[in-house]
Amino acid sequence: MNLININNMTQETVERIIDETVDTIIDSIDEKTVDYMFEYGNYEETDDQFVEDLIVFKQQVIEELYNRMKK
C-alpha cells in the first residue's frame, strides 16, 4: 500500500527515509534492551545465556510494538 505523497520525492528518497528510520529503531531497541537487561536482570556479563535471552527479548519487544501500533 503506497499512501505517501511522493510528488515531492523520488521512490529512492522514500525508501531511504524508511530504511534509515528502521535502522535507528532497531539500534535503539538493541541498546535499550541491553541496558534494561543489565539494570533489571541478573546479568553480570554478556555470555551465551545473555545473548540467547537478548534474542528472545528483542523478538518480544518487536511483537509488542507491532501489537500496539495495530490499535
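Scoring rules and cut-offs
Residues numbered from 1 in each chain as written. Predicted model: local features only at pLDDT ≥ 70, side-chain atom pairs only at ≥ 80, totals over all residues. Heavy atoms only, no water. Phe/Tyr/Trp six-rings, centres within 6.5 Å; stacked < 30°, edge-to-face > 60°. Helix = DSSP H or I, 4+ residues; strand = E, 2+ residues; numbered from the N terminus. Buried < 20%, exposed > 50% of the residue type's maximum accessible area, 1.4 Å probe, protein only. Salt bridge = Lys/Arg side-chain N within 4 Å of Asp/Glu carboxyl O.

**Q** Which parts of the structure should I look at to understand the packing of aromatic side chains?
**A** The relation between two aromatic rings is expressed through the spacing of the ring centres and the mutual angle of the planes. In this structure the tally under the stated criterion is 3 aromatic pairs. With 4.9 Å between their ring centres and 20° between their planes, Phe38 and Phe50 make a pair best called stacked. Of this pair, Phe38 sits in helix 1 (residues 11-40) while Phe50 sits in helix 2 (residues 48-70); the two residues are 12 residues apart in sequence, bridging distant segments of the chain. In this structure Phe38 comes out as partly exposed when scored by relative accessible area, which is 33%. The class of Phe50 is buried, set by a relative accessible area of 2%. Taking the centre distance of 5.1 Å and the plane angle of 90° together, the rings of Tyr43 and Phe50 count as edge-to-face.

**Q** Quick question: what am I supposed to make of the pattern of salt bridges here?
**A** Side-chain pairing between opposite charges can occur once the charged atoms of the two side chains come close. Inspection of the entire model under this criterion finds 3 salt bridges. Here Lys58 makes a salt bridge to Asp30, at a shortest N to O gap of 2.9 Å. With Lys58 in helix 2 and Asp30 in helix 1, the pair connects residues that are 28 residues apart, well separated along the chain. Assessed through its relative accessible area of 26%, Asp30 is described here as partly exposed.

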